[in-house]
Amino acid sequence: MDLPSFLWLWKIAAWSMGLAIAAYFLLAIAGISLRVLRLKRMPYPRGLREFHLAIGGILVCLVLLLLSIGIIGTLGYYGNLGHSPHLVAGILVVVLVLVSAGSALTIGKWDKARSLHLLTNIILFFGFLFVSFSGWTIVQKYLP
Ligand code: HEM
Ligand code: HEM
């Protein structure tokens, strides 16, 4: 691939991916704190739940941005999709993040919502590994 002409696009992707991983870890810390407090029947500190929700919203936007960049960049270059397992990895991560956010919004209204939120976020950890590894493998092919 003529990487330089697409480099700016992949640079945005690299930064977004860094931010997405940072967001995931912030969410894990805030989420685990919420869980520990809830199980100890202690009140949440002011703003902790809102912080978790806000970072969650940012994570949703970042993965949607990454999906668009991946699809637009690949279509722009090849004219079609599906060049590697990275496509499956990318779709998997986006679906997991959307299910996680969707389940989070029903916590308190639906009794399985909390366990679904926890489960999707544990799988999401491996999803991020898969998407990073498969993405990085493609980048290797284009490096001189
Ligand atoms: C995708 C965006 C996300 C949104 C919108 C979101 C939102 C929420 C909300 C609203 C709650 C309920 C808080 C409460 O009132 O008790 C919650 C709980 C929680 N979240 Fe998230 N979250 C997101 C991602 C994550 C991620 C990525 C992780 C972990 C890596 C995580 C871990 C947790 C944990 C451990 C709890 C506590 C569950 C419990 O109380 O047992 N969340 N989240
Ligand atoms: C949540 C994160 C990500 C999502 C949702 C995502 C999504 C996608 C999608 C859907 C494609 C089109 C693939 C195809 O049709 O074959 C793509 C392409 C691509 N992605 Fe990602 N991606 C993510 C992270 C990454 C990362 C971390 C890297 C690099 C380390 C990366 C590098 C690439 C490259 C180089 C392509 C071009 C495909 C090719 O030339 O075969 N992506 N991405």
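All of these numbers come straight from a predicted model, not from anything done at the bench. (Residues numbered from 1 in each chain as written. Chains lettered and ligands numbered in written order. Predicted model: local features only at pLDDT ≥ 70, side-chain atom pairs only at ≥ 80, totals over all residues. Heavy atoms only, no water.)

> I keep staring at the coordination of the iron atom of ligand 1 and nothing clicks. Help me out?
In ideal tetrahedral geometry, four donors around a metal make angles of 109.5 degrees, whereas ideal octahedral geometry with six donors gives angles of 90 or 180 degrees. Around the iron atom of ligand 1, the donor atoms from the protein are H52 (NE2) and H117 (NE2), and they sit 2.0 Å away. Geometry at the iron atom of ligand 1 is octahedral, judged from the six donor atoms that bind it and their angles of 88 to 179° at the metal. In this pair, H52 sits in helix α2 (residues 48-78) while H117 sits in helix α4 (residues 113-142), placing the two residues 65 residues apart along the sequence. Like H52, the residue H117 is buried in the burial classification. (Donors = N, O, S within 2.8 Å, 3.2 Å for Na, K, Ca; no water. Tetrahedral: all angles 85-135°; square planar, octahedral: opposite > 155°, others 65-115°. Helix = DSSP H or I, 4+ residues; strand = E, 2+ residues; numbered from the N terminus. Buried < 20%, exposed > 50% of the residue type's maximum accessible area, 1.4 Å probe, protein only.)

> How do you make sense of helix α3 (residues 86-105) when you look at a structure like this?
Since there are 3.6 residues in each turn of an α-helix, residues three or four apart along the chain are aligned in direction. For α3, which comprises 20 residues, the first-to-last C-alpha distance of 29 Å matches the rise-based estimate of 28 Å (1.5 Å per residue) to within 8%. Those residues of α3 that fall on the buried side of the exposure criterion are A89, G90, V93, V94, L96, V97, S100 and S103. On its buried face, α3 is in contact with α2 and α4. (Expected span 1.5 Å × (residues − 1). Contact = heavy atoms within 4.5 Å.)

> Could you clarify how one ought to interpret the coordination of the iron atom of ligand 2 in this entry?
For the iron atom of ligand 2, the sole protein-derived donor is H86 (NE2), lying 2.1 Å away. Tracing the chain through its elements places H86 in helix α3.

> Which parts of the structure should I look at to understand the packing of aromatic side chains?
Aromatic ring pairs are reported here in terms of the distance separating the ring centres and the angle at which the planes meet. If you walk through the whole model with that rule in mind, you get five aromatic pairs. Summarising the aromatic geometry, the rings of Y77 and Y78 are spaced 5.0 Å apart at their centres and angled 85° between planes, so their arrangement reads as edge-to-face. On the basis of relative accessibility, which here comes to 35%, the residue Y77 falls in the partly exposed class. One aromatic cluster is present, formed by Y24, F25, F125, F126 and F128 through successive ring pairs. (Phe/Tyr/Trp six-rings, centres within 6.5 Å; stacked < 30°, edge-to-face > 60°.)

> What's the story with the environment of L98 in this structure? I'm lost.
Mapped onto the secondary structure, L98 falls in helix α3. Residue class for L98 comes out partly exposed when judged on its relative accessible area of 42%. Here the alpha-carbon distance between L98 and A20, two residues 78 residues apart in the chain, equals 14 Å.

> Whenever I open this one, the packing of α3 against α4 confuses me. Can you help?
Angle between the axes and distance between the axes: these two values describe a pair of packed helices. Between α3 and α4, whose axes approach to 8 Å, the crossing angle comes to 155°. With respect to each other, α3 and α4 are oriented roughly antiparallel. Seen from above, α3 lies across α4 with left-handed handedness. (Axes fitted to C-alpha atoms, helices over the stretch in contact; angles between N-to-C directions. Parallel < 35°, antiparallel > 145°, perpendicular 65-115°, else oblique. Left-handed = near helix turned anticlockwise from the far one by under 90°.)

> Help me out: how do you make sense of the site of ligand 1 in this one?
Every one of the 22 residues lining ligand 1 counts as a neighbour, but R35, R38, R49, H52 and H117 are closest to it. In the model, an oxygen atom of ligand 1 is placed 3.1 Å from a nitrogen or oxygen of the R114 side chain. Within the side chain of N121, one N or O atom sits 3.3 Å away from a nitrogen atom of ligand 1. For the shell around ligand 1, the secondary-structure elements that each account for two or more residues are α1 (3-39), α2, α3 and α4. Top element by residues in the shell around ligand 1 is α1. It accounts for eight residues. (Near = heavy atom within 4 Å. Polar contact = N/O pair within 3.5 Å; in protein donor to acceptor, adjacent residues only side chain to side chain.)

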